[in-house]
Structures are given as structure tokens and as C-alpha cells.
Amino acid sequence: MTTHRAPKPAAPSAHPVERAVTIGLVLAVLAGLGWIAGMIYTLLEWPLR
């Protein structure tokens, strides 16, 4: 009687991909926060000029 086994995954760990995605998301959040801070600064300084 034959046994049907699921094939083993080629890459057992996907941590490098997850790390790259996490770093990308953190950089995107930092860029967004910087943009928001720049807009707030612009709005606060606009009437003074």
C-alpha cells in the first residue's frame, strides 16, 4: 500500500522576507510621520510670513 505524503517545502523559513517587509513598513511609517510633521510645521509657519 502506498503512502501519500505532502511534499516538503523548498524553503523552510521565510524570515528574511518577513524581515524585509517589516523594515519596509517601518520606513513607510517613519516617512508618513515626517510628512505629517512637515505639514503641521508648514501650516503653523504660513501665517507668520
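Reading guide: rules and limits
- Residues numbered from 1 in each chain as written.
- Predicted model: local features only at pLDDT ≥ 70, side-chain atom pairs only at ≥ 80, totals over all residues.
- Heavy atoms only, no water.
- Helix = DSSP H or I, 4+ residues; strand = E, 2+ residues; numbered from the N terminus.
- Buried < 20%, exposed > 50% of the residue type's maximum accessible area, 1.4 Å probe, protein only.
- Areas by Shrake-Rupley, 256 points an atom, 1.4 Å probe, with all protein chains shown as cover.
- UniProt positions renumbered as here; feature names shortened; annotations may be inferred.
- Patch = residues over 30% accessible without salt bridge, like charges linked within 9 Å, V, L, I, M, F, W, Y side chains within 5 Å.
- Salt bridge = Lys/Arg side-chain N within 4 Å of Asp/Glu carboxyl O.

## Quick word on the overall build of the chain
So, step 1. Helix and strand counts for the chain come out as one helix and zero strands.
So, step 2. Counting the 49 residues in the chain, one finds 0% classified as buried.
So, step 3. About 5100 Å² of surface is accessible on the chain, with carbon and sulfur atoms providing 72% of the total.

## Here's the deal with the UniProt feature "transmembrane region" (unreviewed entry) in the chain
So, step 1. Mapped onto the present numbering, the UniProt feature "transmembrane region" (unreviewed entry) falls on residues 20-44.
So, step 2. Structurally, residues 20-44 is divided into 100% helix and 0% strand, and its ends, taken at the C-alpha atoms, are 36 Å apart.

## What about a nonpolar patch on the surface?
So, step 1. Side chains of Ile-23, Val-26, Leu-27, Val-29, Leu-30, Leu-33, Trp-35, Ile-36, Met-39, Ile-40 and Leu-44 sit close together on the surface and give an oily, nonpolar patch of about 1100 Å² of accessible area.
So, step 2. You can see Leu-33 is positioned in helix H1 (residues 15-45).

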